[in-house]
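What the coordinates show
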Amino acid sequence: AQTVTQSQPEMSVQEAETVTLSCTYDTSESDYYLFWYKQPPSRQMILVIRQEAYKQQNATENRFSVNFQKAAKSFSLKISDSQLGDAAMYFCAYKLGSGGSNYKLTFGKGTLLTVNP
Amino acid sequence: DTAVSQTPKYLVTQMGNDKSIKCEQNLGHDTMYWYKQDSKKFLKIMFSYNNKELIINETVPNRFSPKSPDKAHLNLHINSLELGDSAVYFCASSHTGVRNEQFFGPGTRLTVL
């Protein structure tokens, strides 16, 4: 079974600084997708960024970028120029890329990010 | 213009009661999901429906019964509620296919006393 591990329960960053959240995963599959979701205090789950395993290029979305190391099964999220609104719980998630209709997301336990003014 | 909506947003009830949570999406998606987020914030899939057919059932107790009357709705009925059922329940939807993003509802916080 696939597992996702986030080893940092909590992280903090100064406003305008850069922070990196770690995620590792375990899978025997070669075709899969990886995601970072943000959950602010409002509870809403918001997709931040996604990465297809077959793509070597790291995904970027404005201030958010990932470092995808397929061989090491590592998928870290870098937030540049951190803003107060970035404060939230961040979840790393995995989805199998093939094999019928099993499209479930498998989540890590989350990293709570605090942004200090 | 809410994409995925859930009702109610909060639900407080006594042990042993039966309750339902409703989910509706207006995105034209054909796959819907229920996830459970426990008190430690851990999110786990419970069920998934594709075109009204159950395709994922992740060893959830029989007291939980999802029902999909049409592609836009997926309801969750819980019988004989237990203290351990207290959690936030999220509905999500997507188009069929692994490439497609799942859109989440706002969640329903269920508290069993």
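Our structure's up above, just so we're on the same page.
This section reports on the structure supplied with the text. This one's a predicted model, so the numbers in the text were calculated from it and none came from an experiment.

**Describing the packing of aromatic side chains**
Inspection of every chain in the model, using the stated rule, returns 15 aromatic pairs over all chains. When the centroid spacing of 5.8 Å and the interplanar angle of 85 degrees are considered together, the rings of Phe107(A) and Tyr35(B) count as edge-to-face. Of this pair, Phe107(A) sits in strand S11 (residues 106-107) while Tyr35(B) is found in strand S4 (residues 31-37), placing the two residues in two different chains. Pairwise contacts between aromatic rings join Phe35(A), Tyr37(A), Phe91(A), Phe107(A), Tyr33(B), Tyr35(B), Phe90(B) and Phe104(B) into one cluster. Against the face of Tyr10(B) rests Arg43(A), its NZ or CZ located 5.1 Å from the ring centre.

**Comments concerning the pattern of salt bridges**
Residue and element names in this part refer to chain A. By the definition in use, this model includes seven salt bridges over all chains. Residues Asp26 and Lys73 are paired through a salt bridge, measuring 3.9 Å at the closest nitrogen-oxygen approach. Taken together, the residues Asp26 in strand S4 (residues 24-26) and Lys73 in the loop between strand S8 (64-69) and strand S9 (74-79) connect sequence positions 47 residues apart. Given a relative accessible area of 43%, Asp26 falls into the partly exposed group. Overall, Lys73 belongs to the partly exposed group, its relative accessible area being 27%.

**Considerations on the pairing of S4(B)**
Residues and elements named next belong to chain B. Across the seven residues of S4, six count as buried, placing the element largely inside the fold. Relative to strand S5 (residues 43-50), S4 is paired through seven bridges, and the arrangement is antiparallel. Paired with Gln37 across the strands is Leu43, a residue of S5. Connecting the antiparallel pair S4 and S5 is a turn made up of five residues, with Lys41 showing a positive phi of about 75 degrees. Bridge count between S4 and strand S9 (residues 87-94): seven bridges; the pairing is antiparallel. By the bridge assignment for S9, Met32 is matched with Ser93.

**Some words on the interface of chain B and chain A**
Taken together, the 27 residues of chain B in the interface contact 24 residues of chain A. The junction of chain B with chain A conceals about 2,200 Å² of combined surface from both sides, 53% of it contributed by carbon and sulfur atoms. At the surface where chain B touches chain A, the tally comes to one salt bridge. Lys104(A) serves as the salt-bridge partner of Glu58(B), at 3.1 Å between the closest nitrogen and oxygen. At the boundary of chain B with chain A, the tally comes to eight residue pairs in polar contact (both at pLDDT 80 or more). Broken down by secondary-structure element, the contributors of at least two residues to the side of chain B that touches chain A are S4, S5, strand S6 (53-57), S9 and strand S11 (108-112) of chain B. No other element matches the three residues that S4(B) contributes to the side of chain B that touches chain A. By residue class, the composition of the side of chain B that touches chain A is 13 nonpolar, eight polar and six charged.

**Some details on the nonpolar core**
Counting residues in hydrophobic clusters, the biggest one holds 26 residues, and the most contacted among them are Tyr25(A), Trp36(A), Phe75(A), Leu77(A) and Tyr90(A). Elements that contribute at least two residues to this core include exactly strand S3 (19-21), strand S5 (32-39), strand S6 (46-52), S8, S9, strand S10 (88-96) and strand S12 (111-116) of chain A. The dominant element in this core, judged by the number of residues it contributes, is S10(A), at five residues. Those residues in contact with Phe75(A), other than ones at most four positions away along the chain, are Leu21(A), Cys23(A), Tyr25(A), Leu34(A), Phe35(A), Trp36(A), Gln51(A), Val66(A), Asn67(A), Phe68(A) and Cys92(A). Ranked by size, the runner-up nonpolar core spans 20 residues in total, among them Cys23(B), Met32(B), Leu81(B) and Leu110(B).

**Structural notes on unusual backbone geometry**
Across the junction of Thr7(B) and Pro8(B), the peptide omega takes the value -5 degrees, indicating a cis bond. Note that Pro8(B) resides in the loop between strand S1 (4-7) and strand S2 (10-13). For Ala16(A), which is not a glycine, the phi torsion comes out positive at approximately 80 degrees. Here Ala16(A) shows up in the loop between strand S2 (10-14) and S3. Given the relative accessible area of 46%, Ala16(A) is considered partly exposed. For Asp81(A), which is not a glycine, the phi torsion comes out positive at approximately 50 degrees. Topologically, Asp81(A) is positioned in the loop between S9 and S10. Overall, the relative accessible area of 40% leaves Asp81(A) in the partly exposed class.

About the thresholds
Residues numbered from 1 in each chain as written. Chains lettered and ligands numbered in written order. Predicted model: local features only at pLDDT ≥ 70, side-chain atom pairs only at ≥ 80, totals over all residues. Heavy atoms only, no water. Phe/Tyr/Trp six-rings, centres within 6.5 Å; stacked < 30°, edge-to-face > 60°. Helix = DSSP H or I, 4+ residues; strand = E, 2+ residues; numbered from the N terminus. Lys NZ or Arg CZ within 6 Å of the ring centre and 35° of its normal. Salt bridge = Lys/Arg side-chain N within 4 Å of Asp/Glu carboxyl O. Buried < 20%, exposed > 50% of the residue type's maximum accessible area, 1.4 Å probe, protein only. Pairing = 2+ DSSP bridges. Contact = heavy atoms within 4.5 Å. Buried area = accessible area lost by both parts, 1.4 Å probe. Polar contact = N/O pair within 3.5 Å; in protein donor to acceptor, adjacent residues only side chain to side chain. Nonpolar A, V, L, I, M, F, W, Y, C, P; charged D, E, K, R; others polar. Core = buried A, V, L, I, M, F, W, Y, C linked by side-chain atoms within 4.5 Å.

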